[in-house]
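Analysis of the macromolecular model
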Amino acid sequence: MKEVNLVIVESPAKAKTIEKFLGKDFIVKSSFGHIRDLAKKNLGIDIENNYKPDYIVPTDKKKVVDELKKLAKSASIVWLASDEDREGEAIAWHLYEVLKLSPEKTRRIVFHEITKEAILKAVENPRFIDLDLVNAQQARRILDRLVGFEISPILWKKIKPALSAGRVQSVAVKLIVEREREIGNFVSVSSYRIIGHFKSLKEIIPVQNLSAELNRRISQDAEVIGLLETFRDADFQVADIKKKPTKKSPSPPFITSTLQQEASRKLGFSVSQTMAVAQRLYEAGKITYMRTDSLNLADSALAASAEAIKNIYGEKYLNTRKFKTKAKGAQEAHEAIRPSYMNQPTVEGSRQEQKLYELIWKRTIASQMSDALLEKTTIDIQNNKNSEVFVATGEVLKFDGFLKVYFESKDDENDEENKALLPALKVSQNLDMEKICAEQKFTNSPPRYTEASLVKKLEELGIGRPSTYAPTISTVQNRGYVIKEDRDGKTRDTKEIKLIDGKIKTTTKKEKFGFEKSKIFPTDIGLIVNDFLEQHFQNIMDYNFTASVEAEFDNIAEGTKVWTTMLDRFYKPFHSVVTKTEEVSERARGERILGTDPKSGKPLLVKIGRYGPIAQIGEVSEEEKPKFASLLKGQSIETITLEEALELFKLPRTIGEYEDKEIVIGVGRFGPYVRHNSKFYSLKKGIDDPMSIEAERAIELIEEKRLQDKNKYIKTFEEMPGLEILNGRFGPYITYEKKNFKIPKGKKPEELSLEDCKEIMKNTVKKKK
């Protein structure tokens, strides 16, 4: 009888790629969704789901598991080929348990990349399931569920329903809350940045222009004016020129956190988007495993990179490097993220896949290229009236090296260092002063976190691991504890004091500042939950505790610590704190009294209501019911003023009539709206202000929505009520019984018959199965 080898992996995409590299004696099956659900049912333990829902085939799970059991029974060897990290090891163990496999016919194989060489090498070097890795994953999942399952119900009772807490997610929110309060308490200080604009004397041809900055900043207007007065008749000359060779070295190849950061900066990807695209690239065999904190590159990858660099750029651009991993407890994989084939600068796929792949290829190639060689020049300019020194700095690129391919982006958006190309001057050369400008500059508050900079901070603190960054950031946003959005900046006056043609002039101009793009802000509920947890669960909210727990998981994975002992030592004191908190803690609403309403004389306060933050005039216990008003977008119960809160009670407000019906502006559960003839029309986010919108604009919104609704319906069928052809956001589609069906290309929606629609729906269902 012919021997059969059964290979089990997590997803269909991965199975499809592996199948190409194995012979006819191997059957490759995907089982992730089914085994996960069965493991939860039979064993009571979840496997972390890092995969998109479309990887889970919508079929009867029991049938699939029965099929796997049948195949496993008839197979001579069962190869468990789930990912190589702890989650993958746990999946392999669950498969082993649920399918009731025997050690004699079970092989565990791992690989960093899905290539023919890697797969065949893994098959030649199998091992058994590493129970230490499984236990480390079990410990993480159980501890995180103990924290979540025990604290979350307290939040439901003490704050509001449907809230949750988590060991990693709660400290991530704490970072964002602390940064927001740091910004709120920040006091900006102004000073003058003084720039001198010089040129060589007219008898020197060609005339050389040069800008240099005073080597100190001045805070007082009077001192600036006094200094400029001394420069009126001053003679300026070059006092010193320093030239220093310097070099820039390339960044290491990507690990999970740095890939997430660079994809955010360069491509505008969210953290979860980056991981989803990387997952597809990995499963298609185009890159190595994408959840890793190792900087190592395999010898074969180093050799392939060297060959590619010599062929494309030449021998002088090659400088082979081996990077050492600095991350605490690096354990996820044994190689950095790199292309599977270094001789392929581009790949086929979606535009997102192409962009991310090219980023990975460039970063990997650049890491093995020569340093960029530069010459840094510093010119000091002095004068004969005082001891002040103007300094000009610049760089000249002598050899581009790795910069020919790649340059790492930075989070710092306020780099004012002058790196211009400087003119050829000599020491003691006299200069003409064209003008000196003193520009008022303000110190900037600490920057709010982006998804990328939050990942960087979590990594620095040792909180979480490569597999947890994206789920953590998604969770805190989905729970409503933080929000990622753009916010408009503010305007302030800045002064410019200028010395030109022997005269000193002071002008004032408007400057915009504080504009935020895709930054993370804490919500009011996030602030209240954070403060409650900080008050009652200090240990869980401590950064060092969270990082030390990660270190303990690493010890379990290495086999130096028993996981049940670790959990027991954590749970007993933790549970006693939970019990005490449930008994003694008071209800938290984030209530804050702002003052007194001048009309009624009743107290005005802000708090968390059923549907979010609200302002309230009066007490619930009084005979007259209190008045309520929802806070607007961008307002917070922590920072709103009495005056701002009083403005809210001007809503709802009537701004006119249209078609003999009142136009009313208000703010509801879903944001600001126009109400007309018992119908509601949303105000445009970031465009319309409910406090200032006028009737003309409100009528525009009403008519715009009416037209949209009118054009929504393309066709309906009396013979089959509920079947409709509609215009949607992404084009025409068929809808029936709350299910949507895409219309194939080449079909005209308005010409479709009832039978055509039925056929499209039937084919779509078949395709999904």
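**Overview of the overall build of the protein**
Along the protein, the regular secondary structure elements total 20 helices and 26 strands. For the protein, buried positions account for 46% of its 769 residues. Within the protein, contacts between residues separated by at least 24 positions form 70% of all contacts whose residues are at least 6 apart in sequence. Element-wise, carbon and sulfur atoms account for 50% of the exposed surface of the protein, whose accessible area totals about 40,500 Å².

**With respect to the sheet that holds strand 1 (residues 5–9)**
Spatially, the four strands line up as an open sheet ordered 2-1-3-4, and their pairing is parallel. Because the sheet does not close on itself, it has two edges, and the strands there are strand 2 (26–30) and strand 4 (106–108). In this sheet, neighbouring strand axes are inclined to one another by 25 degrees on average, regardless of whether the strands run parallel or antiparallel. Pairing between strand 1 and strand 2: five bridges, direction parallel. In the strand pairing of strand 2, Ile8 is matched with Lys29. Sitting on the sheet, helix 1 (residues 12–19) is in contact with strand 1 and strand 2, with an inclination near 165 degrees to strand 2. Of the strands in this sheet, strand 1, strand 3 (77–80) and strand 4 touch helix 4 (residues 86–98), which is tilted by about 175 degrees from strand 4.

**Re the environment of Gly401**
Along the chain, the position of Gly401 falls in the loop between strand 9 (390–399) and strand 10 (430–442). Note: C-alpha distance between Gly401 and Ala372 (29 residues apart in sequence) is 4.4 Å. Aside from chain neighbours lying at most four places away, what touches Gly401 is Tyr317, Met369, Ser370, Asp371 and Ala372.

**So, unusual backbone geometry**
Omega for the peptide link from Leu651 to Pro652 comes to -5 degrees, which places this bond in the cis form. Tracing the chain through its elements places Pro652 in the loop between helix 18 (642–648) and strand 19 (653–658). Even without being glycine, Glu659 reaches a positive phi, approximately 55 degrees. Of note, the phi angle at Asp660 is positive, near 65 degrees, even though the residue is not glycine. Assignment of secondary structure puts Asp660 in the loop between strand 19 and strand 20 (661–668). Overall, Asp660 belongs to the exposed group, its relative accessible area being 71%.

**Some details on the pattern of salt bridges**
This model, assessed by the stated rule, comprises 53 salt bridges. Ionic pairing is found between Arg232 and Glu229, a salt bridge with its closest N-O pair at 2.6 Å. Take Arg232: its relative accessible area is 31%, and that puts it in the partly exposed class. Within this structure, Glu10, Lys14, Asp83, Asp85 and Arg291 form a network of salt bridges that share partners.

**Digging into the sheet that holds strand 24 (residues 724–728)**
One open sheet holds the four strands; their spatial order is 23-24-25-26, and the pairing between them is antiparallel. For this open sheet the edge positions go to strand 23 (713–716) and strand 26 (739–742), each flanked by a neighbour on one side alone. Strand-to-strand twist of the sheet, defined as the mean angle between neighbouring strand axes without regard to direction, takes the value 30 degrees. Here strand 25 (residues 731–736) pairs with strand 26 via four bridges, running antiparallel. Within strand 26, the position partnered with Ile734 by the bridge is Phe741. Contacts between helix 19 (residues 695–712) and the sheet are confined to strand 23 and strand 24, with strand 23 contributing the most and set at about 35 degrees to the helix.

**Observations concerning the side chain of Ser170**
With respect to the secondary-structure elements, Ser170 resides in helix 7 (residues 167–185). Residue Ser170 is classed as buried on the basis of its relative accessible area, which comes to 6%. Look past the residues within four positions of Ser170 in its chain and what remains in contact with it is Ala165, Leu533 and Met541.

**As for the packing of helix 7 against helix 16 (residues 543–557)**
At a closest axis distance of 10 Å, the pairing of helix 7 and helix 16 adopts a crossing angle of 145 degrees. In this structure, helix 7 crosses over helix 16, and the sense of that crossing is left-handed. Residues Arg167, Val168, Val171, Lys174, Leu175 and Glu178 of helix 7 pack against Tyr543, Thr546, Val549, Glu550 and Phe553 of helix 16. Of the residues that constitute the contact of helix 7 with helix 16, the class distribution is six nonpolar, one polar and four charged.

**What about the nonpolar core?**
Core analysis: the largest hydrophobic core is formed by 126 residues, its most contacted members being Phe111, Leu155, Ile159, Ile287, Leu356, Leu533 and Val674. In terms of residue count, helix 6 (residues 131–158) provides more of this core than any other element does, eight residues in total. Filtering out sequence-adjacent residues up to four positions away, Leu356 remains in contact with Leu259, Ala263, Leu267, Phe269, Thr274, Val277, Ala278 and Leu281. Ala234, Ala392, Ile497 and Leu499 belong to the second largest nonpolar core, which has 25 residues in total.

**A look at the packing of aromatic side chains**
Under the definition given, this model contains 14 aromatic pairs. Plain terms: the ring middles of Tyr317 and Phe399 are 4.9 Å apart, the flat faces sit at 40 degrees to each other, and that makes the pair tilted. With Tyr317 in the loop between helix 11 (299–312) and helix 12 (351–367) and Phe399 in strand 9, this pair connects stretches of sequence that are 82 residues apart. When sorted by exposure, Tyr317 lands in the same class as Phe399, which is buried. Judged by centre distance (6.1 Å) and plane angle (25 degrees), the rings of Phe545 and Phe570 are stacked.

**Regarding the environment of Gln477**
By the element assignment, Gln477 lies in helix 14 (residues 469–478). Given the relative accessible area of 24%, Gln477 is considered partly exposed. Taking the C-alpha atoms as reference points, Gln477 and Pro613, separated by 136 residues in sequence, lie 17 Å from one another. When residues no more than four places from it in sequence are discounted, the contact partners of Gln477 are Glu451, Val482 and Lys484.

**A look at the confidence of the model for the protein**
On average, residues of the protein score 87 in pLDDT, and 92% of them are at 70 or above. Averaged over each element, pLDDT in the protein is lowest for helix 2 (residues 32–43) (48) and highest for helix 12 (96). In this model, residues 37–59 is a region of pLDDT below 50 whose contacts with residues beyond four sequence positions or in other chains number 56 contacts. The low-confidence segment residues 413–418 (pLDDT under 50) makes eight contacts with residues lying over four places distant or belonging to another chain.

**Let's talk about the pairing of strand 19**
Bridge count for strand 19 against strand 20 is five bridges, and the pairing is antiparallel. In the sheet register, Tyr658 faces strand 20, and the bridge partner there is Lys661. Between strand 19 and strand 20, which pair antiparallel one after the other, the connecting turn spans two residues, and Glu659 there sits at a positive phi close to 55 degrees.

**Looking at the packing of helix 6 against helix 16**
A pair of packed helices is captured by two measures, namely the crossing angle of their axes and the spacing between those axes. Two numbers describe how helix 6 lies on helix 16: the axes approach to 7 Å, and their chain directions differ by 150 degrees. When the axis of helix 6 is compared with that of helix 16, the two are roughly antiparallel. Of helix 16, the residues touching helix 6 (which contributes Asp132, Leu133, Asn135, Ala136, Ala139, Arg140 and Leu143) are Val549, Glu550, Phe553, Ile556 and Ala557. Residue classes in the contact of helix 6 with helix 16 are distributed as eight nonpolar, one polar and three charged.

Definitions and cut-offs
- Residues numbered from 1 in each chain as written.
- Predicted model: local features only at pLDDT ≥ 70, side-chain atom pairs only at ≥ 80, totals over all residues.
- Heavy atoms only, no water.
- Helix = DSSP H or I, 4+ residues; strand = E, 2+ residues; numbered from the N terminus.
- Buried < 20%, exposed > 50% of the residue type's maximum accessible area, 1.4 Å probe, protein only.
- Contact = heavy atoms within 4.5 Å.
- Areas by Shrake-Rupley, 256 points an atom, 1.4 Å probe, with all protein chains shown as cover.
- Pairing = 2+ DSSP bridges.
- Axes fitted to C-alpha atoms, helices over the stretch in contact; angles between N-to-C directions.
- Salt bridge = Lys/Arg side-chain N within 4 Å of Asp/Glu carboxyl O.
- Left-handed = near helix turned anticlockwise from the far one by under 90°.
- Nonpolar A, V, L, I, M, F, W, Y, C, P; charged D, E, K, R; others polar.
- Core = buried A, V, L, I, M, F, W, Y, C linked by side-chain atoms within 4.5 Å.
- Phe/Tyr/Trp six-rings, centres within 6.5 Å; stacked < 30°, edge-to-face > 60°.
- pLDDT = per-residue confidence, 0-100.
- Parallel < 35°, antiparallel > 145°, perpendicular 65-115°, else oblique.

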